[in-house]
Amino acid sequence: MADNSSSKAEDTASDSVEAAKNASDKKEKLADQVMQNPQVLAALQERLDNTALTPSSYIETLPKAVKRRIDALKQLQVKCAHIEAKFYEEVHDLERKYAALYQPLFDKRREFINGEAEPTDAESEWHSENEEEEKLAGDLKNVVVIEEKAEAEEINVKGIPDFWFTIFRNVDMLSELVQEYDEPILKHLQDIKVKFSEPGQPMSFSLEFHFGPNDYFSNTVLTKTYKMKSEPDKTDPFSFEGPEIVDCDGCTIDWKKGKNVTVKTIKKKQKHKGRGTVRTITKQVPNDSFFNFFNPIKVSGDGESLDEDSEFTLAADFEIGHFFRERIVPRAVLYFTGEAIEDDDNFEEGEEGEEEVRCILHLL
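Here the structure is a predicted model, which means the values were calculated and not measured.

J.: Just checking my understanding: could you explain the overall build of the protein for this structure?
T.: When helices and strands are tallied, the protein shows 13 helices and six strands. Taken across its 364 residues, the protein has 26% of its residues classed as buried. The long-range fraction of contacts in the protein, counting pairs at least 24 apart against all pairs at least 6 apart in sequence, stands at 62%.

Here it is, written out as structure tokens:
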């Protein structure tokens, strides 16, 4: 019996070896067939060529002396980045200088908008591209009945009603933030100003939102300050592309009683664990509102990272602040009429990267 068992075991082992050999032979034949396929060979060669041509692999093949010279070029590049940072600091100084020159024009704009002054005939003269069509339309309007003309003359409109609110409504980036209950408040917005940090102070700019008397808060001005940095990162100096907004501060809104639109009151039922009695409590929870803009997420100074939603919210906040500074305030009338919005729609993607000051989320 033992001899028979031994013989069977030897036969089984022999069969296994034979099967393995056959499988190996099949793999070799398949590999030969694949390697003889011109398309497969071409694909493999292309992959090898691409791998050989990657910058990092090429650098690795260079002699040590050449690598040493490349390191020297990187040292020069870092010095260039620091000079570029100084350039942007001087650009910021120029912005401050020219902001002072723009301000008298913006002050007059405010007066016209709020009805504090009337433009002269010379100041209100404007020749549009559609002047012929407008003249024809004007002639047709002169045909209206005397009663309608008299009624129109009786209407006493002060300034340009809802000027800034209309801009908020026209610009998608802003209208997405505005809730229905924000609208009556924004109709009291009289002016938006940009203020730059003083010489010798850390680089920053502030947005000032000036409001007329209203039933919602007692503040006459709401502010938002954006802190900037114009220096290469020590750990990644080659990523420097200009000033970055790195943090922002809002302000406290002195809401009048029951008028705070950034919170809402909800009722919640609570059941006592022991007695089983139920009571109703009220509490305030955050509410969507444009005025949350003045209570931004703070960037942690201890290096602690933000969650994904907070990073997205902060990046959007930086973008909005930059848009107010670069587009809305300097070109307000064109966003009121919609002309600037049409220009923005025609702005080719990619050209925005050419702006002198870029808004980049850079978490400390």
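Additional details are given in the paragraphs that follow.
J.: For this particular structure, what's the right way to read the pattern of salt bridges?
T.: Pairs can form between side chains of opposite charge once their charged atoms are near each other. All chains considered together, the criterion is met by 13 salt bridges. For Glu116, the salt bridge goes to Arg110, with nearest N and O atoms at 3.7 Å. Linking Asp247 and Lys298 is a salt bridge whose minimum nitrogen-to-oxygen distance equals 3.3 Å. Highlighted residues: Asp247 in strand 4 (residues 244-249) and Lys298 in the loop between strand 6 (278-286) and helix 11 (308-328), separated in sequence by 51 residues. Accessibility expressed as a relative area gives 9% for Asp247, which makes it buried. On the basis of relative accessibility, which here comes to 42%, the residue Lys298 falls in the partly exposed class. Overlapping salt bridges bring together Lys227, Asp247, Asp249 and Lys298 as one network.

J.: Hey, could you run me through the packing of aromatic side chains in this one?
T.: Any pair of aromatic rings gets described here by the distance separating the centres and the angle formed by the planes. Overall, the coordinates contain 25 aromatic pairs when judged by the stated rule. Judged by centre distance (5.8 Å) and plane angle (80 degrees), the ring pair of Trp255 and Phe291 falls under edge-to-face. One end of the pair, Trp255, is in the loop between strand 4 and strand 5 (263-271); the other, Phe291, is in the loop between strand 6 and helix 11, and 36 residues separate them in sequence. Each of the two residues, Trp255 as well as Phe291, counts as buried. Ring centres of Phe293 and Phe294 lie 5.3 Å apart, and the angle between their planes is 85 degrees; this geometry places the pair in the edge-to-face category. For Phe294, a relative accessible area of 2% translates into the label buried. Ring pairing ties together the aromatic residues Phe168, Phe209, Phe211, Phe217, Trp255, Phe290, Phe291, Phe293, Phe294 and Phe324, which thus form one cluster. If you follow Lys224 out to its NZ or CZ, it ends over the ring of Phe293, 3.4 Å from the centre. The ring centre of Phe205 lies 4.8 Å from the NZ or CZ of Arg325, which sits over that ring.

J.: Is there a simple way to think about the nonpolar core in this case?
T.: Across soluble globular proteins, nonpolar side chains have a tendency to be buried as a group. With 48 residues, the main nonpolar core has Phe168, Phe209, Phe291 and Phe324 as its most contacted residues. By residue number, the principal contributor to this core is helix 11, which donates six residues. In this structure Phe324 touches Phe168, Leu174, Ile192, Leu207, Phe209, Phe293, Val329 and Pro330, once residues within four positions along its chain are discounted.

J.: It is not clear to me how helix 11 should be interpreted in this structure. Could you clarify?
T.: Between its first and last C-alpha atoms helix 11 spans 28 Å; for 21 residues at 1.5 Å apiece the expected length is 30 Å, and the two agree. Those residues of helix 11 not exposed but buried are Ser310, Leu314, Asp317, Phe318, Ile320, Gly321, His322, Phe323, Phe324, Arg325, Arg327 and Ile328.

J.: Whenever I open this one, the sheet that holds strand 4 confuses me. Can you help?
T.: Strand pairing within a sheet occurs via backbone hydrogen bonds; the two strands may be parallel or antiparallel. Across the sheet, which stays open at both edges, the four strands sit in the order 1-2-3-4 with antiparallel pairing between neighbours. Taken across any chain shown, the strands that pair with only one partner, and hence form the sheet edges, are strand 1 (189-196) and strand 4. Here the average twist between neighbouring strands, direction ignored, is 20 degrees. The pairing of strand 1 with strand 2 (residues 204-211) spans seven bridges and is antiparallel. What sits directly across from Leu189, in strand 2, is Phe211.

J.: Would you explain a nonpolar patch on the surface in this entry?
T.: Together, Leu94, Tyr98, Leu101, Tyr102 and Leu105 give the surface a local cluster of nonpolar side chains, amounting to about 540 Å² of exposed area. Following the sequence through the fold, Tyr98 ends up in helix 4 (residues 64-113).

J.: I'm lost on the environment of Phe318 in this one. Help?
T.: With respect to the secondary-structure elements, Phe318 resides in helix 11. We classify Phe318 as buried; its relative accessible area is 1%. On a C-alpha basis, the gap between Phe318 and Val246 in space is 8.5 Å, while along the polypeptide they are 72 residues apart.

J.: In this structure, what is going on with helix 8 (residues 163-170)? I would like to understand it.
T.: Counting buried residues in helix 8 gives six out of eight residues, a clear majority hidden from the surface. Phe163, Trp164, Phe165, Thr166, Ile167 and Phe168 are the residues of helix 8 that are buried.

J.: Got a minute to help me understand unusual backbone geometry in this structure?
T.: One non-glycine residue, Asp162, lies in the positive phi region at around 55 degrees. Residue placement: Asp162 occurs in the loop between helix 7 (146-154) and helix 8.

J.: Explain the confidence of the model for the protein to me, please; I cannot follow it from the model alone.
T.: Atomic detail in the predicted coordinates should be set aside for any region of low pLDDT. Of all residues in the protein, 72% have pLDDT values of 70 or greater, and the mean over the chain is 81. For the stretch residues 348-364, pLDDT sits under 50, and the model shows 39 contacts to residues farther than four places along the chain or on other chains.

The rules we used
- Residues numbered from 1 in each chain as written.
- Predicted model: local features only at pLDDT ≥ 70, side-chain atom pairs only at ≥ 80, totals over all residues.
- Heavy atoms only, no water.
- Helix = DSSP H or I, 4+ residues; strand = E, 2+ residues; numbered from the N terminus.
- Buried < 20%, exposed > 50% of the residue type's maximum accessible area, 1.4 Å probe, protein only.
- Contact = heavy atoms within 4.5 Å.
- Salt bridge = Lys/Arg side-chain N within 4 Å of Asp/Glu carboxyl O.
- Phe/Tyr/Trp six-rings, centres within 6.5 Å; stacked < 30°, edge-to-face > 60°.
- Lys NZ or Arg CZ within 6 Å of the ring centre and 35° of its normal.
- Core = buried A, V, L, I, M, F, W, Y, C linked by side-chain atoms within 4.5 Å.
- Expected span 1.5 Å × (residues − 1).
- Pairing = 2+ DSSP bridges.
- Axes fitted to C-alpha atoms, helices over the stretch in contact; angles between N-to-C directions.
- Patch = residues over 30% accessible without salt bridge, like charges linked within 9 Å, V, L, I, M, F, W, Y side chains within 5 Å.
- Areas by Shrake-Rupley, 256 points an atom, 1.4 Å probe, with all protein chains shown as cover.
- pLDDT = per-residue confidence, 0-100.

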